[in-house]
Amino acid sequence: MRIESDWKRATVSALVLLLAIVGLASAQGPTIIVHNPVTVANPGIPLEIDARIEGMQNIGNVVDANVRFRTVGSSSWDFIQMEFSLDELVAKIPAEAVTTEGLEYFIEAEMDDGSTITYPATGAESAPVSVTVRSGDEEAAIDSGVLILSPLPEETVRDTDLFIAVSFNPSVFAVNPEDVVLRLNGKDISKKAVTTEYLLMATLEKVPNGRHRVDLLLKVGKQEKLLRSWLFNFESLLGEVSYDETMLTGSLGLDGNSQQTNGIDQNRMRELVNVRMQRGDFKAQLYSRTTSEEQGHIQPQHRFRVIAGWPFFQVGLGDLTPKYSELALYGNRVRGAELKFNSGSFEVKGIYGEMRRGVNGYGYTVNDQITAAIVDSMGNVIGTETYNAYNYDPGTYKRNLAALRFGFGQENGPSHLGFTFMKVRDDTSSIDIDRPLDLQERIELGRPVEVAYTATPKDNLVVGTDFGLKLDRNRVQFKGEAALSLYNSNISERPLEDAENLKDVIWVNQYFEPLPAEGLTNDDGEAEVNAGELASSVISNSLSWQGKVRLRYYGHDLRTGYVFLNRSFTSLGNPNLVNDDAGFYVYDRIRLFENRLYLNAGYRNFHNNVQNNSETTLTRQEISFGFTYITDAMYPDINFMFRNQTNENDGTVTEVITDTTAYNQDPTMGVVSFDNRTASNMNSFSVGLTHRVRLADTQSDLSLSYLMADRTDDYQDIGNSDMQFIGFTASTDYREYLPVTTRIVFSNSSQTSMDGLTELSYVTINLRGSYYLFDRTLVPYFNPNMTLGSGDYSLTYDDILPAGADPATTLRLQKIDYTRIDWVVGMEWRFMRQHTLAARISVSTYSDNGEYQYFDGSSADADIDEVDRDDYSVLFSYIYRF
């Protein structure tokens, strides 16, 4: 008979078993991240991200949450940790990351049951949220002929008076001073400005503290044409401290949560300290978030950092996120100390600390006994011996990191050249687990041992260089980077005798990468290090690089680059890099209709097997196209994005004859087929509409988003799936009539997987009404949530009764049909100007009509004990701002 290959069936079976276990454990629905994606942003302004946790778990079950982000075209993800704000997770993507190159991000949350959920829910890293960043001031000045002199966009002005100044480029258009209109926060202040054909200046007194908007317009007939618009912050020095005095600002917070979920009681407390101090050019910040969830047998949950210094010298202590080089140290949290020195033309910075703490595992367990021959020095068998084979789970080794970077020029300046050195090594002494006596004796005697490691201590050294060059007023930009890595995947084994003196630099044994093709043995079969062969192997198998070019002309923002990550390149300082990968990308953004329409298009082509030493090569291609149309106030802003992603290798089907007699009688018998072909295709697109509506003195912010992804697999039907999501949000302010605001959030997510055997749909409805009392200082609210789940959850991967199974007792699928309502009330009270107290109480009710179906067609009700419970959650927080 012909046997269907191989690893596919084993993989599929394991997947089905996992899905079945998960399905039974969470039969009443998933835990999902509810988030309104941000698709348009302004350059240089922090991007605010907020999300909620809905489903069978809530925010109280979140251990850690991050927003991972990158510029379009980058291969490395950076991250910012999300903070807890009552029932929301909030974060701000830093301003320096929001550039006109465009931005991509996704949200990930680690739950207390060990699971990780993301937004988007599937394919978050391969199909993240795309953000179109509007033109920056540099591009806007080129197009509009207006250069902003003061205050700069997003600048914080500290002065007694506000000075506004712009210059006009007469080569773009001729300015009639009488036609220029200047507005501050919508108010016409043109009469306070002095305007010529080259310059506009205005000095304003008694400007209130806070955020302000400047609009510069030009009269064209009876209409007005917007030339420039920007935001800034103003802090008046009238009555405040002088430059040489100390300014101290910050907040102290406390929040707690007591809840019962799935019959399990949980209590949590968190404390937050965030203090900023400034005296002249000296600035310091203290941040600390402590939690009752901190435990010694897991990775740290406390977060703290202290950063202090001057523009030329800075010291950092605590949980830091250094970004030295994409190929060396990027996108990782390090708990340690960092020094930075910057003279303007020369920069040096270094860091030392822990990437993770040591946590003991389960240790040694016997998994087999081995009987082997005993051979004397002459090669004669003189007997046999039996010894234990072990599995070894050491846990997590403490991982130490040291890095140094020095550079010439400024990374954001016209040119720079930098060099990075990074060393990462796991501390084998951080795991306190003794070897079994018999194993220790055999190691000391030099006898063969059999140990299967579930985790091993590692060693890594990366050396790299990077450069940047900007020409023609930053319209032309070049960036390049190259790095070498030395890596050892298991330093629990002793180093080779010839490499003993190198172990402080890099540990060299049989687990070292990249190993020379000749191996580490000489002609006599003895371990030996050949320096020349080792160096040649490092250069040919580890050297990696990437280059980028950016061109900005005629409304285009064209970016292209090539990435080559060698087969043995490994950097423990950047966990997002995948070695043995190479390819190129091209992206372009076109600005049209006075920067109201942005067209985005891109192409990526990457492949593995960069050294052509594997049987197959997997090629991944992506074509993307999208547009953003910004209408300002008249019509909804529109955002559209389409992606097509293909994955295909050059594998083949290999048939091996296992029974010649049977095969000769029938060619379909006595044959085993091995199929290593891969081919899949995924199409996804998203549409978003946002609009602010003013009607009868009310203001409503509306957003509508739709996402769809469809994946087909040519060789595994189980890989076929599709997902759809639709979300709608309406926030309305009725303050002209009543001190009331309302918010309506609706979302529907549906997913079909396992070639249609599983079809699930979840609907969430969130309503919130807030009433403002005592000059909006006391805000009670009512915030009910409803979740409805329905569909079929297949417990098999092929809908076929297993051989020999009883159809009356073998489960085929689970029908999901439930309703969950969270009744939520809360309040927020701001008192004595600096204090804020908030509280929230939630009680959940369930109605479940789900059932299990068997292969004989019979059914049984779902276990009512799983849903007949009284879940509740009580949250409170207190913040003192100064």
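Up top is the structure.
### Considerations on the nonpolar core
In this structure, Leu47, Ile49, Met82, Ile93 and Tyr105 are the most contacted members of the largest nonpolar core, which totals 38 residues. Put simply, the parts of the chain that give this core at least two residues each are β4 (47-55), β5 (62-71), β8 (88-93), β9 (103-111), β10 (116-119), β11 (129-133), β45 (698-713) and β46 (721-733). Considering every element that reaches this core, the biggest residue donor is β9, with five residues. Apart from residues no more than four positions distant in its own chain, Ile93 is found in contact with Pro46, Leu47, Ile49, Val67, Phe69, Val98, Leu103 and Tyr105.

### Focus: the side chain of Glu326
Within the secondary structure layout, Glu326 lies in the loop between β25 (313-320) and β26 (334-342). Within the structure, Glu326 has its side chain in polar contact with the side chain of Lys548 (distance 3.2 Å). Every residue in contact with Glu326, bar those within four places of it in the chain, is listed here: Ser74, Ser75, Ser76, Glu481, Gln546, Lys548, Asn574 and Leu577.

### What to know about the environment of Asp581
In this fold, Asp581 is placed in strand β38 (residues 581-592). Take Asp581: its relative accessible area is 11%, and that puts it in the buried class. A sequence separation of 18 residues divides Asp581 from Val563, and the C-alpha atoms of the two residues are 7.9 Å apart. Looking at Asp581, its side chain comes within polar contact range of the side chain of Arg620, at 3.0 Å.

### With respect to the side chain of Asp64
With respect to the secondary-structure elements, Asp64 resides in strand β5. Residue contacts for Asp64: discarding those within four places in its chain leaves Gln81, Glu108, Ala109, Glu110, Arg303 and Arg333.

### So, the pairing of β8
Residues Leu89, Ala91 and Ile93 line the buried face of β8, whereas the alternating positions Glu88, Val90 and Lys92 sit on a face that is not buried. Where strand β7 (residues 83-85) meets β8, three bridges bridge the pair, whose relative direction is antiparallel. Bridge pairing links Glu83 to Val90 in β8. Counting the residues that bridge the hairpin from β7 to β8 gives two residues, and of these Leu86 lies at a positive phi of roughly 55°.

### Some points on helix α4 (residues 531-542)
Compared with the 16 Å implied by 1.5 Å per residue over twelve residues, the 16 Å span of α4 between its first and last C-alpha is a close match. Here α4 has its buried residues at Leu534, Ser537, Val538, Asn541 and Ser542. Taken down its axis, α4 places every buried residue within 100° of arc, on the same side. The secondary structure elements touched by the buried residues of α4 are β34 (476-488), β35 (512-513) and β36 (544-553).

Conventions adopted
- Residues numbered from 1 in each chain as written.
- Predicted model: local features only at pLDDT ≥ 70, side-chain atom pairs only at ≥ 80, totals over all residues.
- Heavy atoms only, no water.
- Core = buried A, V, L, I, M, F, W, Y, C linked by side-chain atoms within 4.5 Å.
- Buried < 20%, exposed > 50% of the residue type's maximum accessible area, 1.4 Å probe, protein only.
- Helix = DSSP H or I, 4+ residues; strand = E, 2+ residues; numbered from the N terminus.
- Contact = heavy atoms within 4.5 Å.
- Polar contact = N/O pair within 3.5 Å; in protein donor to acceptor, adjacent residues only side chain to side chain.
- Pairing = 2+ DSSP bridges.
- Expected span 1.5 Å × (residues − 1).
- Arc of directions from axis to C-beta.

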